[in-house]
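Coordinate analysis (summary)
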Amino acid sequence: MSAAAPRFGTAQVLFGLAVGILVIFVAVPVLLIFFNAFWVNGAFNVADVLKVLRQKDTYEALLNSLVLASGVTVTGTIVGTFFAWLVTRTDLPFKGAMKVLFLVPFMLPSFIGALAWKMLLSPRSGYINRFFQEVLGFDGPVFDIYTYGGIIGVETMYLFPFVFIQVCGALERMDPTLEESARISGADLFTITRRITIPLVLPSILSGALLIMLYSMAHFGTVAVLGIEAGIYNIPTLIYEKIHQSAGSFDSIRTGTVLATVLVVTAAFILWLQNRVLSRGRYQIIAGKSFRPTELKLRGLRYPLLAFCLAYIAFTIVLPTVTIFLVGGLKTYGLPLAAENFTWGNYRHILFEWQLTRDAIWNSITLGLAAALITMFAGVIISYVIVKMKVRGKGILEFLGMLPFSVPGSVIALGVILAWSGKFGVNLYNTVWIILVAYIARYMAFSLKANSAALEQVHDSLVEAARASGATMWQALRDVVVPLVRPGMLAAFFLIFLPALRELTVSVLLYGPTSRTIGVAIYTLNEDGETVYSAALAGIALVIIVTGEVVIKRFFKTASGS
Amino acid sequence: MKRTLLALAAGLALALAAGPAAAQQKLYVYTSMKESLIGELRSAFAKKHPEVKMDYQSAGAGKLMAKIAAERESGKILADVLWTSEVPDFYQLKAQGMLLPYTPREIKSLVNPLPEYDGSFTAVRLGTLGIAYNTRLVKSPPASWQDLQKPAFKGAFGVANPALSGTAYMSVSLLTKAFGWEFFEKLRANGAKMGKGSGQVVDDTASGDLVASLAVDYITLDKIGKGATLALAYPPEMLVIPSPVAIFKATPNAEAAKKFVDFVLSKEGQTIIAHEGTLPVRSDVTVPAQYKLPAVDDAMKRAIKIDYVKLMAEKEASVKKFTEIMQKK
């Protein structure tokens, strides 16, 4: 490639843009974390890092992160696999509907779930515990939600769909002839399950399990709501504590960067493991659907199991949601749930009177829209360069493109603080812009995934044909590629917009006085003892999120139908 | 379709954002006062001074100071005015030359509880802390601080985290001055817990998660007003904590800041404060009788005295000591 002016065309501009975006938004913040962790007073320093890791609160947080994430992974995998098997391989009644219902937990932000469970199961005042004591005559509280078990239980309820989706997919795609031939050869169901089904589905189970682990490891909300008072910190909550309560001194930021480094390394390890599992497990299991897989006859258990599934949904989704709305309508927290104690005042105050909550709703919606739009376009450009272009240095780009996948939210937030609070000439601290920058970095991975999947389906010959017919690179992109990848771009938009609406882990480290997001407002109101307002805002957030999901499902249906 | 969706979202967002029209002067207040108090003051201030667009950040004093420290690092303090209950912070900021001295117009009508007064900061209210207890769970109100060591409060007395809350920090300092650290050691032996913010321990008491807590007057009274089954008891040795207001020297909005300081100290502002259930600093304003708060003179007489300047140096050590005691297994 010569450097002559006429050759400096669209391709180079795209490449430059792609590298620029990834470096500025993703690489710099992450590098600054490593730099601050290992570089003290102008010298490389590992001893200090070890010193931080040896402090009691640090290694306890590391240990807690591991214990909690492992616990959630085990329980979530069991729950997810069981339900997936139930809705795909048995004759459970209303399987289709149940399958949709089991995806609903994904919509409920887990920190809102945690708030609800706190109201239901806190030892002395939780409604369920009080019911046991006051109505059933138990001596003391029956459940205590402020424990490892409580946190693991709550996270499991909202994270098991990671495994559920993966396993459902694998079981549905699996070639039933494999099982059939085993059966014809005389194997019994137990042997078939053990020798054929499980080995075939195992990669999906493991990859779902690792997704749960990755998520739980870096998860802030549930542990913050349920753990802090009992002295249970994980890495993200300890980073939050260090940044918010120890006066932003350099020492606390450094501890934060060391913790963040550990988090990145762990996340990278989990992803590496996942890649290995997936690449080893690429059996040819999709081989045309000759038969429907045999369904296990549940016989007498059909209706009891259906009742169990419905009870599970009622218990994990309906009960917490109803609790949130009811508590949000109470005049003050602690009153019995009786008609005379309810008011619309909290909801009205939040929507129409209170600057703080109105700011929060406005911020979350605009931040979500802006992050989704910017990341969608940036994602197309970067994916295009990675998937389609033959440029030197693409390897670096591929590596940079992988980075956002393995960088947890609290790490991005910390990196963004280091990069954008004035040390390099731009000071976004305390503004919504710093949250936007962090969202772009955080959600780039989603956009890259959706867009590169779409781009891989666009054959190179289309662009070549356009170029051969005399179109410029730019025209070929505009008239051929972009229209073809539009579904991928749209998918990216919504994959980013909806999670951004309820984001907490990143924004809780970055918010300023006027830049609270919905998640931050719910969390801080709860922390400040405004429980009823916190619940009311959570209720409003649920309405916004569910409306968003439904509108989008509709929209995708019509879009794919036409 | 995408466009309609975007338009929809934008429309919704605009509807939500349609606030008051832009004003010329801006003012940003960092305060540890809760919504019930600062929200009322903000509305009244906006009515009186429509030319000033006042906004506030309400959070615990510890969090606000952390925020300010981080903002100083990054070169620009967003706050124009600071109003918390962590008195030593103000002496510290003054010593660092961060505050703009301003003597309020109506200084003559004010009670001043702060030594070495030079206008750098002025007390706006006298916060009191008592024992908030849940009347469903506690039948005989505690009469002394030592009553908290009785079985009635076993495992369920809460104190806010002094690292987060200024009132909690001041209370811990005052109580250890009066009764020594062993007071908290005995409380811990009776199962006392450290909570999060000063509002949260009161809410947890209202719900019954705690049977009682060390509680700020107006936060408790606000919840009682809304129907919570709470009551507030004051032992003979009182915790009276002035909440000073100060203007940052670096503020570009000094005029608006002065208007705010004068407003909260005016008869009108002080009446709002008194009606929320906390002691005013003006003798011509009285707290509504239904709150059953002690009179200002009485409270000052019963108050545990402490040297604020000395406290400045002790904060880190005493927060650490307190945390250690409260987390002892």
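Residues numbered from 1 in each chain as written. Chains lettered and ligands numbered in written order. Predicted model: local features only at pLDDT ≥ 70, side-chain atom pairs only at ≥ 80, totals over all residues.

**Thoughts on the overall build of chain A**
Helices and strands together make up the secondary structure of chain A, namely 24 helices and two strands. Over its C-alpha trace chain A gives a radius of gyration of 25 Å, about what one expects of a compact globule, namely 24 Å for 562 residues. Taking the principal axes of the C-alpha coordinates as reference, chain A spans close to 85 × 70 × 50 Å. Looking at chain A as a whole, 47% of its 562 residues are labelled buried. Contacts in chain A between residues far apart in sequence, at least 24 positions, make up 79% of those at least 6 positions apart. (Helix = DSSP H or I, 4+ residues; strand = E, 2+ residues; numbered from the N terminus. Rg over C-alpha atoms; globule rule 2.2 N^0.38 Å. Buried ≥ 20, exposed ≤ 12 C-beta atoms within 10 Å, placed from the backbone. Contact = placed C-beta atoms within 7 Å.)

**Here we look at the domain arrangement of chain B**
Residues and elements named next belong to chain B. For chain B, the assigned domains read domain 1 (24-126 + 242-294) and domain 2 (127-239 + 304-326). A straight line from the C-alpha centre of domain 1 to that of domain 2 covers 24 Å. Across the boundary between the two partners, domain 1 contributes 25 residues, which contact 23 residues of domain 2. Of all the secondary-structure elements, those providing two or more residues to the side of domain 1 that touches domain 2 are α2 (35-48), α3 (61-74), α4 (87-95) and β5 (121-134). When residues in the side of domain 1 that touches domain 2 are grouped by element, the largest group, four residues, is from α4. (Domains from an automatic or database assignment.)

**Some details on the confidence of the model for chain A**
The share of residues in chain A with pLDDT of 70 or more is 94%, and the mean pLDDT across the chain is 85. Within the model, pLDDT remains below 50 along residues 1-6 of chain A, and this stretch shows two contacts once partners closer than five positions in the same chain are excluded. (pLDDT = per-residue confidence, 0-100.)

**Notes on the environment of L335 of chain A**
Within the fold, L335 of chain A resides in the loop between α14 (302-328) and α15 (345-353). Residues L335 of chain A and G227 of chain A lie 108 residues apart in sequence; the distance between their C-alpha atoms is 25 Å. What L335 of chain A contacts, discounting residues up to four positions off in sequence, is L330 and N341 of chain A together with G227 and A228 of chain B.

**Quick notes on unusual backbone geometry**
One non-glycine residue, F94 of chain A, adopts positive backbone phi at about 50°. In this structure F94 of chain A comes out as partly exposed when scored by C-beta crowding, with 13 C-beta atoms within 10 Å. Phi angles above zero are rare outside glycine, and K292 of chain B is one such case at about 55°.

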